[in-house]
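# Notes for the structure review
The residues making up each chain are set out below.
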Amino acid sequence: MASLNVGPLGEYIREQRRNAQYSLRQLAEAAGVSNPYLSQIERGLRKPSAEILQQIAKALRISAETLYVQAGILEERRGEGLELRASILADPLINERQKQALLAVYDAFLKENAVAADPVPAADGAEDPAGGVGGSTDEHRGEAP
């Protein structure tokens, strides 16, 4: 069987499975897929659907979005964000509750920064296209067109 271009996805799933200390059989059972099918995904021989990726992500307790990006279904929004999430989720020194708490704080910061960043373009849009604010540039340009 020819290998598809899903090798990095399979490698990533295998790495996450090992970090979670699951055997292939345990993950397959937890995700509700067959052992041979999961093995083929990990070896890059099968391209899983978004639904299967979601089941695998849930079993691994990682973000389905992370797997979607790895599979090329979604574009990576923030490179550092996904790497950070993966690192937090893979960290063996903290428990699952602590991992989720860290991710929640991180998401709150991202949301706060996104809200803070949104008014800036709106304020720029309120300026006169010529670079001035209000009517001050009209005096320099003469009459309005």
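Now for a description of the structure that goes with this document. Quantities reported herein were computed from a predicted structural model and do not represent experimental measurements. All residue numbers refer to positions counted from 1 along the written sequence of the respective chain. Whole-chain, interface and lining totals are the exception, using all residues; otherwise, since this is a predicted model, local features are given only for residues with pLDDT of at least 70 and side-chain atom pairs are given and counted only at 80 or more. Note that the side-chain values use all heavy atoms of the structure and ignore hydrogens as well as water.

### Focus: the overall build of the protein
Comment: elements are numbered from the N terminus, with helices defined as DSSP H or I runs of at least four residues and strands as E runs of at least two. Check the secondary structure of the protein and you find 9 helices and 0 strands. Listing each helix as α and each strand as β along the protein from the N terminus yields α-α-α-α-α-α-α-α-α. Considering the protein as a whole, with its 145 residues, one finds that 32% of them fall into the buried category. Every residue pair with non-hydrogen atoms within 4.5 Å of one another is taken to be in contact. Counting contacts in the protein only where the partners sit at least 6 residues apart, residues at least 24 apart contribute 47% of the total. Carbon and sulfur atoms make up 52% of the accessible area of the protein, which totals about 9600 Å². A 1.4 Å probe rolled over the protein chains alone gives each residue an accessible area, and that area as a share of the maximum for its type sets the label: buried under 20%, exposed over 50%, partly exposed in between. Throughout, the Shrake-Rupley method with a 1.4 Å probe supplies accessible areas, and for residues the shown protein chains are the sole cover considered.

### With respect to helix 4 (residues 50-60)
Regarding helix 4, the residues found buried are I52, L53, I56, A57, A59 and L60. Down the axis of helix 4, the sector holding all buried residues measures 165°, keeping them to one side. Opposite the buried face of helix 4, at more than 90 degrees from it, the exposed residues are E51 and K58. One or two residues past the end of helix 4 sits R61, with phi positive at roughly 60°. Regarding the arc, it is the one traced by the directions from the helix axis to the C-beta atoms.

### Thoughts on the packing of helix 4 against helix 5 (residues 64-71)
In contact at an axis separation of 8 Å, helix 4 and helix 5 are set at 135° when each is read in the N-to-C sense. Viewed along their axes, helix 4 and helix 5 adopt a mutual orientation that is oblique. The handedness of the crossing between helix 4 and helix 5 comes out as right-handed. The residues of helix 5 that touch helix 4, namely those facing A50, L53, Q54, I56 and A57, are A64, L67, Y68 and A71. Angles run from 0 to 180 degrees between N-to-C directions of axes, and those axes are lines fitted to C-alpha atoms, restricted for helices to the stretch in contact. Any angle that is under 35 degrees is reported as roughly parallel, and any over 145 degrees as roughly antiparallel; angles of 65 to 115 degrees are reported as roughly perpendicular and all others as oblique. Whether a crossing is left-handed or right-handed is set by the direction in which the near helix is turned from the far one by less than a right angle, anticlockwise for left-handed and clockwise for right-handed.

### Observations concerning the nonpolar core
Side-chain atoms within 4.5 Å link the members of a nonpolar core, which is a set of buried Ala, Val, Leu, Ile, Met, Phe, Trp, Tyr and Cys residues. Of all hydrophobic cores here, the largest spans 24 residues; its most connected members are I13, L38, L53, I56, I62 and L67. Elements with a minimum of two residues in this core: helix 1 (7-19), helix 2 (24-31), helix 3 (35-42), helix 4, helix 5 and helix 6 (79-90). No other element matches helix 4, which puts 6 residues into this core. In contact with L38, not counting residues within four places along its chain, are I13, L24, L27, A28, V33 and I56.

### A short note on the pattern of salt bridges
The salt bridge definition used is simple: a Lys or Arg side-chain nitrogen within 4 Å of an Asp or Glu carboxyl oxygen. In this structure the tally under the stated criterion is 2 salt bridges. Residues R14 and E42 are paired through a salt bridge, measuring 3.4 Å at the closest nitrogen-oxygen approach. Here R14, found in helix 1, pairs with E42, found in helix 3; they are 28 residues apart in sequence, far enough to count as distant. Between E42 and R17 there is a salt bridge, with the nearest N and O atoms lying 2.7 Å from each other. Within this pair, whereas E42 is found in helix 3, its partner R17 is found in helix 1, the two being separated by 25 residues in sequence. Per residue, the accessibility class of E42 equals that of R17, and both read buried. Put simply, R14, R17 and E42 are held in one network by salt bridges that share partners.

### A few points about the side chain of E42
For E42, a relative accessible area of 4% puts it in the buried group. Excluding residues that lie within four positions of it along the chain, E42 makes contacts with G10, E11, I13, R14, R17 and L24.

### A look at helix 5
Across the 8 residues that make up helix 5, a large majority, 6, are buried. All buried positions along helix 5 are accounted for by A64, T66, L67, Y68, V69 and A71. Its side-chain oxygen placed 3.1 Å from the backbone nitrogen of E65, S63 serves as the N-cap of helix 5. One or two steps after helix 5, the chain reaches G72, where phi turns positive at roughly 85°. N or O atoms within 3.5 Å of each other form a polar contact, as long as, within protein, one can give a hydrogen and the other can take it, and as long as residues adjacent in sequence are counted only when both atoms are side-chain atoms.

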